[in-house]
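Below are the chains, spelled out letter by letter.
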Amino acid sequence: MVGHSSFFDPACNTPPSANMPKHRYPTFAKRLLPITWAIAVCVAQAATPPGPASTDENSELDGRLFYQILAGEIASRQGDNGLAFQFIAAAAKNSEDEQLSARAVEIAIQAGAGDVAWGAVNDWIKRQPESQRAQSMKLRVAIATNRLNGVTEALTKIIAQSSGADRREIIRAIPSTLNRLPQALQKKADEIAQTSLKAVKRDRELAAAAWAAIGTVRLNGNDTAGAMRALAEAYKSRPADLDAGRLALNLMEQGVATAEPLVVQHINALTDKTNARFSYARLLFIDNRLTPALNELERLLADSPEFIAAWLLRGQIELQHGNFAAAGKAAQQALALNQKETAAAKTNDPSRSDLIDRQSRLLLADIAQAQSYWASAEQWLAAIPADDDVNYRKAVLMGKQGRLDDALSLLDSPSASDDMPGADATKNKMQLKVRWLREFNRTADAYQLSSELTDAYPDDPELLYSQAMLAEQLGKHAEMETLLRTLIAKRPDYSHAYNALGYALVDRGERLPEAQALIEEALRLSPNDPLITDSLGWAYFRQGNLAEAARTLQKAYGMKQDPEIAAHLGEVWWKLGQTQSAEKLLRDAQRRYPKSTVLIDTLKRLGITP
């Protein structure tokens, strides 16, 4: 604690001096060394005397320094941090050794003596004003003790003492450093960043990086408008700056629509566009904007045909579009390139190679399964080390072929996932089993198992959502609504809960204005979700607004070529008298998804032979 008496006891304020009888040093040390030999050896090896031991004076100083270090470490081991600090701080002052200075401050921090630590680190800086280590320790103490000015001073000095690539790395680290500020200083993070980077903002080479760091600090504090202003300043300096581009991508990922043109501007300003273009394509994919994402990947692969991650992402997009041949080609290319890299030892990260191999084979299995090529899908899965996820996929394939008992046995069997650190193997297995039971119309069994899960994990929103969907399937409409409204109350940002409740009401033709309002709220939370957009289009259809229904469903289908969206859009076009377009759409969708019950039912209802 601050003010611990042993730090300020005059009797402990100085170690024994050279004026005391010399025989007292070796006598005291000799008495303690048999007990603490290991400590003595380690400390003696770590402590380097300040000069050659060639004179009697230096030999005497070396003996005193050894004593101070030894006694300090013994006191520390015995829990007397006050005494330990006095000895180590004296040794640091006598030797001007940075390691000892840092140790003294560390002891004060461990004792909870913030003022003492602050005084010690400032004394260290007075002795060695150009020490970067001293400034780093000052920053640490300032953060730990809520010293606003200290944080700013230390950061400013650390930046000023650095140069070249090191300075950029320090600037990049500022947002994560300020993220560790105590709550009392969190609101001052922007002010600290701006002040410490004041000189850097005038540096032509690093101004963009400085503004990007300030913008990231603001984004970490949920100030997206402030982050955008910082990004604009960064672009005034250098739109091709990698840190500025990273901030633009982060803002886009946070849903800031105005950041996207700046992402594009950044990519266009780059000489090597590969990584930035891939990051942009990934965000477009996450945002369900599949066609623009595919366009970016095509540009990327034209310039960098061996970019493995781009092939994998392209394969996933082609699969969602139902373009199975193109999806398979992309996945095979990713697999082949990874094997080529591994054989040529171009990667020093075996785990990365294994992950790419796994993702490629999973994608190829998904492509085969989507076409009902069961044997091919099983072959791809057989080549992947088994865990719960792989076993679930195998169980689905077994279920598709009528081997239900084998599938359930596999889902309950041990796997590599059981030993994964931090994983809840039981919960994961139960969730996958619920998912499998639901997929194979064992709804009552799924509902029962899901109830056990939600009882065991009442705060898990995914489990609550799953339970609500199963209740709806069993006709328990009131329970479904209660569960979803409970979920909305707990997680007001959970868009799928609003959508599920709204769509269920639309599908039953109940409370349609309220249903539409729920779906619109879901779409506000997830503005580019194709399934929610489909729900809104279906709500318009059920209320007789065919033109708006057609426009909305076309938008949804443009984002995701899903069989249910195709069925909805086809039915709306049919009602509008666009029968040829409707039939073509439905037949094209059925060729891609021949087992889709929603497509088959829609074709029959419209009098079209499936």
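Up top is the structure.
Conventions and cut-offs
- Residues numbered from 1 in each chain as written.
- Predicted model: local features only at pLDDT ≥ 70, side-chain atom pairs only at ≥ 80, totals over all residues.
- Heavy atoms only, no water.
- Helix = DSSP H or I, 4+ residues; strand = E, 2+ residues; numbered from the N terminus.
- Buried < 20%, exposed > 50% of the residue type's maximum accessible area, 1.4 Å probe, protein only.
- Areas by Shrake-Rupley, 256 points an atom, 1.4 Å probe, with all protein chains shown as cover.
- Core = buried A, V, L, I, M, F, W, Y, C linked by side-chain atoms within 4.5 Å.
- Contact = heavy atoms within 4.5 Å.
- Axes fitted to C-alpha atoms, helices over the stretch in contact; angles between N-to-C directions.
- Parallel < 35°, antiparallel > 145°, perpendicular 65-115°, else oblique.
- Nonpolar A, V, L, I, M, F, W, Y, C, P; charged D, E, K, R; others polar.
- Salt bridge = Lys/Arg side-chain N within 4 Å of Asp/Glu carboxyl O.
- Left-handed = near helix turned anticlockwise from the far one by under 90°.
- Phe/Tyr/Trp six-rings, centres within 6.5 Å; stacked < 30°, edge-to-face > 60°.
- Expected span 1.5 Å × (residues − 1).
- Polar contact = N/O pair within 3.5 Å; in protein donor to acceptor, adjacent residues only side chain to side chain.

Asks: Sorry if this is basic, but what is going on with the overall build of the protein chain here?
Replies: If you tally the helices and strands in the protein chain, you get 35 helices and zero strands. Burial analysis of the protein chain (610 residues in total) assigns 49% to the buried set. Per element, the accessible surface of the protein chain, about 30,100 Å² overall, is 51% carbon and sulfur.

Asks: Would you take a moment to explain the nonpolar core for this structure?
Replies: If you look at the biggest cluster of nonpolar residues, it comprises 178 residues, and the most contacted ones within it are Val151, Leu178, Leu197, Leu231, Leu251, Trp436 and Leu484. With sequence-adjacent residues up to four places away left out, Leu484 is seen in contact with Tyr465, Ala468, Met469, Ala497, Ala500 and Leu501. Counting residues in hydrophobic clusters, the runner-up holds five residues, among them Leu65, Ala91, Ala92 and Leu100.

Asks: Sorry, what's going on with the packing of helix 10 (residues 164–178) against helix 13 (residues 207–220) here?
Replies: Any two packed helices are characterised by how steeply their axes cross, that is the angle between the axes, and by the distance between the axes. At a closest axis distance of 9 Å, the pairing of helix 10 and helix 13 adopts a crossing angle of 10°. By the angle class used here, helix 10 and helix 13 are roughly parallel. Two secondary-structure elements touch here, helix 10 through Arg168, Ile171, Ile174, Pro175 and Leu178 and helix 13 through Ala209, Ala210, Ala213, Thr216, Val217 and Asn220. Here the residues of the contact of helix 10 with helix 13 sort into eight nonpolar, two polar and one charged.

Asks: Just to check I follow, could you spell out the pattern of salt bridges for this structure?
Replies: Any two side chains of opposite charge can pair, so long as their charged atoms come close to each other. Considering all chains together, one arrives at 48 salt bridges under this definition. Across the pair Glu521 and Arg524 runs a salt bridge whose closest N-O atoms are separated by 2.7 Å. Of this pair, Glu521 and Arg524 both sit in helix 30 (residues 512–525), three residues apart, which is roughly one turn of that helix. For Glu521, a relative accessible area of 25% gives the class partly exposed. We classify Arg524 as exposed; its relative accessible area is 56%.

Asks: How should I be thinking about the packing of helix 33 (residues 563–575) against helix 35 (residues 597–605) in this particular structure?
Replies: For the pair helix 33 and helix 35, interaxial distance at closest approach is 9 Å and the crossing angle is 15°. When the interaxial angle is binned, helix 33 and helix 35 end up roughly parallel. The handedness of the crossing between helix 33 and helix 35 is left-handed. For the pair helix 33 and helix 35, the contacting residues are Pro563, Glu564, Ala566, Ala567 and Glu571 in the first and Val598, Leu599, Thr602 and Arg605 in the second. Counted by class, the contact of helix 33 with helix 35 contains five nonpolar, one polar and three charged residues.

Asks: Is there a simple way to explain the packing of aromatic side chains in this structure?
Replies: Any pair of aromatic rings gets described here by the distance separating the centres and the angle formed by the planes. Within this structure, the stated rule accounts for five aromatic pairs. Geometrically, the ring pair formed by Phe278 and Phe307 is tilted, given 5.3 Å between the ring centres and 40° between the ring planes. Of the two residues, Phe278 sits in helix 17 (residues 274–286) while Phe307 sits in the loop between helix 18 (290–303) and helix 19 (308–320), which places them 29 residues apart along the sequence. You can call Phe278 buried: its relative accessible area is 17%. Taking 4.6 Å as the distance between ring centres and 25° as the angle between the ring planes, the aromatic pair formed by Trp538 and Phe541 counts as stacked.

Asks: Would you mind showing me how to read the side chain of Thr177 here?
Replies: Structurally, the position occupied by Thr177 is in helix 10. The contact partners of Thr177, leaving out residues within four places of it in the chain, are Leu139 and Ile143.

Asks: I'm lost on helix 27 (residues 461–473) in this one. Help?
Replies: Because the α-helix completes a turn every 3.6 residues, residues three or four places apart line up on one side. If you check helix 27, its first and last C-alpha atoms are 19 Å apart, about what 13 residues at 1.5 Å a residue would give, namely 18 Å. Listing the buried residues of helix 27 in full gives Pro461, Leu463, Leu464, Tyr465, Ser466, Gln467, Ala468, Met469, Leu470 and Ala471. Taken together, the buried residues of helix 27 touch helix 25 (425–439), helix 26 (443–456), helix 28 (477–490) and helix 29 (495–508). Near the N-terminus of helix 27, the side chain that reaches the backbone nitrogen of Glu462, with its oxygen 2.9 Å away, is that of Asp460.

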